[in-house]
Amino acid sequence: MVVVINAGRLDFDRKLDFTKLKDACDGELTMFDDDSPTPETIAERASGHAVVVSKEVPVDVNLLPDTVKLICEAGTGYNNIDLAAARARGITVCNVPSYSTDAVAHLVITFVLNFSATIVPQHVALAKGDRSLFTSSLGTTPHFELTGKTIGLVGGTGAIGAKVAEIARVLGMNVLVWSRSARTEPGKWEARANLKDLLAESDFVSVHCPLNDTTRGLIDADAIACMKPTAYVINTARGPVINETDLVLALRAGAIAGAGLDVQEVEPPVEGSPLYDLENVMLTPHVGWKRLETRQRLMDLVADNVAAYKAGAPVNVVN
């Protein structure tokens, strides 16, 4: 009944327990232990199955066999699936919207803390055998407290943005938010009606919006030009929300202080990408959702989606 078409991306350390998912489908579970199958391979694997579980891999809905009635994306984003095509074929698509709230929010704050305490430059110097920071001053390396600093959340009114705001306030930070529906909520955040105003006021800009036609390239050269030269941009949402070419140019020119990127336009970045070598970039391989507890919660919630669909009352439907 259920096929997990790229379980290797989810269970890369062989520590996940799939018992709940097996129970949800009465043991009719097939799993393929690789990471990024092609759309053609996905279609072959889906043959004879009613439910396809995917994780961050392009699914060509038009290639799927007629047996498929549900695609469950094991994650929050679903830009890898053509919702209109699925709707036209009578295929329900659901996601798992809240499994990684704490983990991703913690990663955002990890970037913030590391930038403020210059942890990465210090570690890089040690790795190169340079111990001068232990015998002299930090020089001009940015090193500052977070109390009174401002973090701006772009599209950050959802669960992850709210958690980032909560933690940031505990650290004594001011919180701004911009989205098309954002409203000021006392004790939580102040809304800005204009994205450029948020960018101009923020010491840290954290991206939290989904990827769609209106957000692709939202943070481009014009947007970056609004930021303080001492500001940092952090992206744990979707890579293409930031125009990577414009960002690299700005980072090289020192137009902003740095970037923390858990997601990129192409994942992994192509060989020779300047992101690998820029000293003012903290680059991670989309690890926000990969903590063990986060992944186990994800698979248990996927099981809940499957069980709800079987019961005739599908949940978390996005099409």
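Every value quoted in this text rests on a predicted model; they were computed, and no experiment measured them.

**Here's the deal with the overall build of the protein**
Scanning the protein from terminus to terminus reveals 11 helices and 12 strands. Over its C-alpha trace the protein gives a radius of gyration of 21 Å, about what one expects of a compact globule, namely 20 Å for 319 residues. In terms of its C-alpha atoms, the protein occupies a principal-axis envelope of roughly 65 × 45 × 35 Å. Out of the 319 residues belonging to the protein, those deemed buried represent 48%. Excluding contacts between residues fewer than 6 apart, the proportion of contacts in the protein whose partners are at least 24 apart in sequence is 65%.

**Focus on the nonpolar core**
Core analysis: the largest hydrophobic core is formed by 30 residues, its most contacted members being Val 154, Leu 218, Val 233 and Leu 247. Where this core is concerned, the elements lending two or more residues are β7 (174-178), α8 (195-201), β9 (204-207), α9 (221-224), α10 (244-253) and β11 (258-261). Ranked by the residues each element gives to this core, the list is headed by α10, at 4 residues. Apart from residues lying up to four places away in sequence, Leu 218 is in contact with Val 154, Trp 178, Leu 195, Cys 209, Ala 223 and Val 241.

**What to know about helix α11 (residues 292-310)**
The first and last C-alpha atoms of α11 sit 27 Å apart over 19 residues, in line with the 27 Å expected at 1.5 Å per residue. Following α11 by one or two positions, Gly 312 adopts a phi angle in the positive range, close to 85°.

**Description of helix α3 (residues 39-46)**
Looking only at α3, the buried set comprises Ile 42, Ala 43, Arg 45 and Ala 46. Projection of α3 onto a plane perpendicular to its axis shows the buried side chains occupying an angular sector of 165°, all on one side. For α3, the elements touching its buried residues are β1 (2-4) and β3 (51-54). Following α3 by one or two positions, Gly 48 adopts a phi angle in the positive range, close to 85°.

**Topic: the side chain of Thr 101**
Summarising the element assignment, Thr 101 is placed in helix α5 (residues 101-117). The buried category is assigned to Thr 101, whose relative accessible area is 13%. Polar contacts involving the side chain of Thr 101 include one to the main-chain carbonyl oxygen of Ser 98, which spans 3.5 Å. Once residues within four sequence positions are removed from consideration, Thr 101 is found in contact with Ala 159, Ile 160 and Lys 163.

**Here's the deal with the packing of aromatic side chains**
Scanning the model with the defined rule gives 4 aromatic pairs in all. Judged by centre distance (4.3 Å) and plane angle (25°), the ring pair of Phe 115 and Tyr 232 falls under stacked. Highlighted residues: Phe 115 in helix α5 and Tyr 232 in strand β10 (residues 232-235), separated in sequence by 117 residues. Tyr 232 matches Phe 115 in its accessibility class, with the two residues each being buried.

**Concerning unusual backbone geometry**
The peptide bond linking Glu 267 to Pro 268 adopts the cis configuration, its omega dihedral lying at -5°. When you line up the elements, Pro 268 lands in the loop between β11 and β12 (281-283). Backbone geometry places Glu 56, a non-glycine residue, at a positive phi of 55°. Its place among the elements puts Glu 56 in the loop between β3 and β4 (70-73).

**Points about the state of the cysteines**
All chains considered together, the criterion is met by 0 disulfides. Just so you know, Cys 25 is unpaired, no disulfide at all, and the nearest cysteine sulfur is the one on Cys 72, 12 Å from it. Free cysteine Cys 209: the closest other cysteine sulfur is in Cys 226, separated by 16 Å. Residue Cys 209 is classed as buried on the basis of its relative accessible area of 7%.

**Some remarks on the sheet that holds strand β5 (residues 92-94)**
Sheet strands associate in pairs through backbone hydrogen bonding, adopting either a parallel or an antiparallel arrangement. The 5 strands lie next to each other as β2-β1-β3-β4-β5, forming an open sheet whose pairing is parallel. Both outer strands of the open sheet, β2 (29-31) and β5, are each paired with one neighbouring strand and no more. When strand polarity is set aside, the average angle formed by the axes of neighbouring strands in this sheet is 15°. Looking at chain direction, β1 and β2 are connected through 3 bridges and run parallel.

**Focus on the side chain of Asp 203**
In this structure, Asp 203 sits in the loop between α8 and β9. Looking at Asp 203, its side chain comes within polar contact range of the side chain of Lys 228, at 3.0 Å.

**Structural notes on the environment of Lys 188**
Take Lys 188: it is sitting in the loop between β7 and β8 (190-191). When its relative accessible area of 26% is taken as the criterion, Lys 188 is described as partly exposed. For the pair Lys 188 and Glu 271, spaced 83 residues apart in sequence, the C-alpha to C-alpha distance is 41 Å. With residues near it in sequence (within four places) discarded, Lys 188 still touches Ala 162, Ala 165, Arg 169 and Val 175.

Thresholds applied
The residue count restarts for each chain, going from 1 along the sequence in the order it is written. In keeping with the predicted nature of the model, local features appear solely for residues at pLDDT of at least 70, side-chain atom pairs appear and are counted solely at 80 or more, and the whole-chain, interface and lining totals rest on all residues. The side-chain values count all of the structure's non-hydrogen atoms but skip hydrogen atoms and water molecules. In this text, helices come from DSSP runs of H or I with a minimum length of four residues, and strands from runs of E with a minimum of two, each type numbered from the N-terminal end. Note that the radius of gyration is over C-alpha atoms, with the globule rule given as 2.2 Å times the number of residues to the power 0.38. Each residue is assigned to one of three classes by its accessible area relative to the maximum for its type, calculated with a 1.4 Å probe on protein chains only: buried under 20%, partly exposed between the two thresholds, exposed over 50%. In this analysis, two residues are considered to be in contact whenever any of their non-hydrogen atoms come within 4.5 Å of each other. As used in this record, nonpolar core signifies buried Ala, Val, Leu, Ile, Met, Phe, Trp, Tyr and Cys residues forming a set joined through side-chain atoms within 4.5 Å. One less than the residue count of a helix, multiplied by 1.5 Å, gives the span that helix is expected to have. As used here, the arc belongs to the directions running from the helix axis to the C-beta atoms. Polar contacts, as used here, are pairs of N or O atoms within 3.5 Å; protein pairs need one atom able to donate a hydrogen and one able to accept it. Residues neighboring in sequence count only if both atoms are side-chain atoms. For Phe, Tyr and Trp, where Trp contributes only its six-membered ring, two rings pair if their centres lie within 6.5 Å, and the inter-plane angle classes them as stacked under 30 degrees, edge-to-face over 60, or tilted in between. Disulfide assignment relies on a single distance test, namely cysteine sulfur atoms paired within 2.5 Å. By this definition, two strands are paired if DSSP reports at least two bridges between them. All axes here are fitted lines through C-alpha atoms, helices being fitted over the stretch that makes contact, and every angle between N-to-C directions spans 0 to 180 degrees.

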